[in-house]
Amino acid sequence: MEPQDAATFFKVEPLPEPHVPADMLNKLEAKEMTYLSSFCTLSVMDLVMSGVPSEELAVDDFAVCLFDILGYTNCDVALHTHKDIELVICGMCMHIKTDFRRISSTWEDRGDAEVQLVAEAVAGFQSNNKKCFLAGINPVLDVLIPGIIMTGTALVFYKICVMKELANAVMYSTFPQTPTIIHLHVPSLPHSYHCLSEGMKPLDNHHITLHRYEAFKRFIILK
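The notes below deal with the structure included here. (Residues numbered from 1 in each chain as written. Predicted model: local features only at pLDDT ≥ 70, side-chain atom pairs only at ≥ 80, totals over all residues. Heavy atoms only, no water.)

### Section: the overall build of the chain
1) Next: Looking only at helices and strands, one finds 8 helices and 7 strands in the chain.
2) Next: With 223 residues in all, the chain has 42% of them scored as buried.
3) Next: When the accessible surface of the chain is split by element, carbon and sulfur atoms take 59% of a total near 12,100 Å². (Helix = DSSP H or I, 4+ residues; strand = E, 2+ residues; numbered from the N terminus. Buried < 20%, exposed > 50% of the residue type's maximum accessible area, 1.4 Å probe, protein only. Areas by Shrake-Rupley, 256 points an atom, 1.4 Å probe, with all protein chains shown as cover.)

Here it is as structure tokens:
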């Protein structure tokens, strides 16, 4: 794991302006929104921030709303939560559900979520190469797979370089000779010690996070 600052991680400086309705940047409460998409996004964000156990799965709904309003979706890209992907480990076929990662209430707990995120990245790599093989296309040797871990609306961005060597090591229970490099970026917020309880709610946190989501789009939508 290699932490990076924003310019190094996103490979752009300054970070691009987020393509969202103006009220998302200038107003705080859902009831103040002019656009329906902004109202829906902030309403779901409030559910996530409520801390009510029955609403903890709202983080998935929030991620979908946020990705949609930021333009992650288009005619060629759609969002799919809880997608089931085959993962071959030690010669045995298993199935893993990809998702927007959720973790507990402290940053220290995110280790388990990081393991899950890497497993999902390897599963995605294996699945794509299997499709290439069946289509008569040469498999790729390495690919950069982006990921996000969320605690409420606080988040960490990841870039996982998955190589064929790693995928084969998982598949055949061997030890890869080449280390796997995972870069991560934790947004620097004005009140970092309150980042879990505040998340994206304060307006300044709002701006900082949306700029990073916009920059992250380049690793997901290839033009």
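Additional details are given in the paragraphs that follow.
### Thoughts on unusual backbone geometry
1) Next: The omega torsion across glutamate 13 and proline 14 is -5 degrees, close enough to zero to call that bond cis.
2) Next: Mapping proline 14 onto the fold places it in the loop between helix H1 (6-10) and helix H2 (22-26).
3) Next: Positive phi, normally seen in glycine, also occurs at lysine 11, with a value near 60 degrees.
4) Next: A positive phi angle, near 55 degrees, is found at cysteine 90, a position not held by glycine.
5) Next: Within the fold, cysteine 90 resides in the loop between strand E2 (83-89) and strand E3 (92-98).
6) Next: Classification of cysteine 90 by relative accessible area gives partly exposed; the value is 46%.

### Here we look at the packing of aromatic side chains
1) Next: Enumeration according to the criterion identifies 10 aromatic pairs in this entry.
2) Next: Between phenylalanine 157 and tyrosine 213, the aromatic rings sit 5.5 Å apart at their centres with planes inclined by 80 degrees, giving edge-to-face as the arrangement. With phenylalanine 157 in strand E6 (residues 154-163) and tyrosine 213 in helix H8 (residues 203-216), this pair connects stretches of sequence that are 56 residues apart. For the pair phenylalanine 157 and tyrosine 213, a shared accessibility class is recorded, and that class is buried.
3) Next: The ring of phenylalanine 9 carries lysine 159 above its face, with NZ or CZ at 4.6 Å from the centroid. (Phe/Tyr/Trp six-rings, centres within 6.5 Å; stacked < 30°, edge-to-face > 60°. Lys NZ or Arg CZ within 6 Å of the ring centre and 35° of its normal.)

### Examining the environment of leucine 87
1) Next: Topologically, leucine 87 is positioned in strand E2.
2) Next: The buried category is assigned to leucine 87, whose relative accessible area is 6%.
3) Next: Taking C-alpha positions, leucine 87 is 9.9 Å from lysine 97, a pair spaced 10 residues apart along the chain.
4) Next: Beyond its immediate sequence surroundings of up to four residues, leucine 87 is in contact with Met92, Cys93, Met94, Ile96, Ala119, Val122, Ala123 and Gln126. (Contact = heavy atoms within 4.5 Å.)

### As for the pairing of E6
1) Next: Counting buried positions along E6 gives 9 out of 10 residues, so the element sits mostly inside the fold.
2) Next: The pairing of strand E5 (residues 142-151) with E6 spans 10 bridges and is antiparallel. Following the sheet pairing, threonine 151 is matched in E6 by alanine 154.
3) Next: If you look at the hairpin formed by E5 and E6, you'll find 2 residues sitting between the two strands, and glycine 152 has a positive phi there, around 65 degrees.
4) Next: Pairing of E6 with strand E7 (residues 182-185) involves 4 bridges; the strand directions are antiparallel. Bridging from a neighbouring strand, isoleucine 160 pairs with isoleucine 182 of E7. (Pairing = 2+ DSSP bridges.)

### Remarks on the pattern of salt bridges
Proximity of charged atoms lets side chains of opposite charge pair with each other.
1) Next: Throughout the structure, instances matching the rule amount to 2 salt bridges.
2) Next: Of the charged contacts in the structure, one is a salt bridge between glutamate 86 and lysine 130, with a shortest N-O distance of 3.5 Å. Of the two residues, glutamate 86 sits in strand E2 while lysine 130 sits in helix H5 (residues 110-134), which places them 44 residues apart along the sequence.
3) Next: A relative accessible area of 29% places glutamate 86 in the partly exposed class.
4) Next: Here lysine 130 falls in the partly exposed class, since its relative accessible area comes to 45%.
5) Next: Linking lysine 217 and glutamate 214 is a salt bridge whose minimum nitrogen-to-oxygen distance equals 2.9 Å. Considered together, lysine 217 and glutamate 214 belong to a single accessibility category, that of buried residues. (Salt bridge = Lys/Arg side-chain N within 4 Å of Asp/Glu carboxyl O.)

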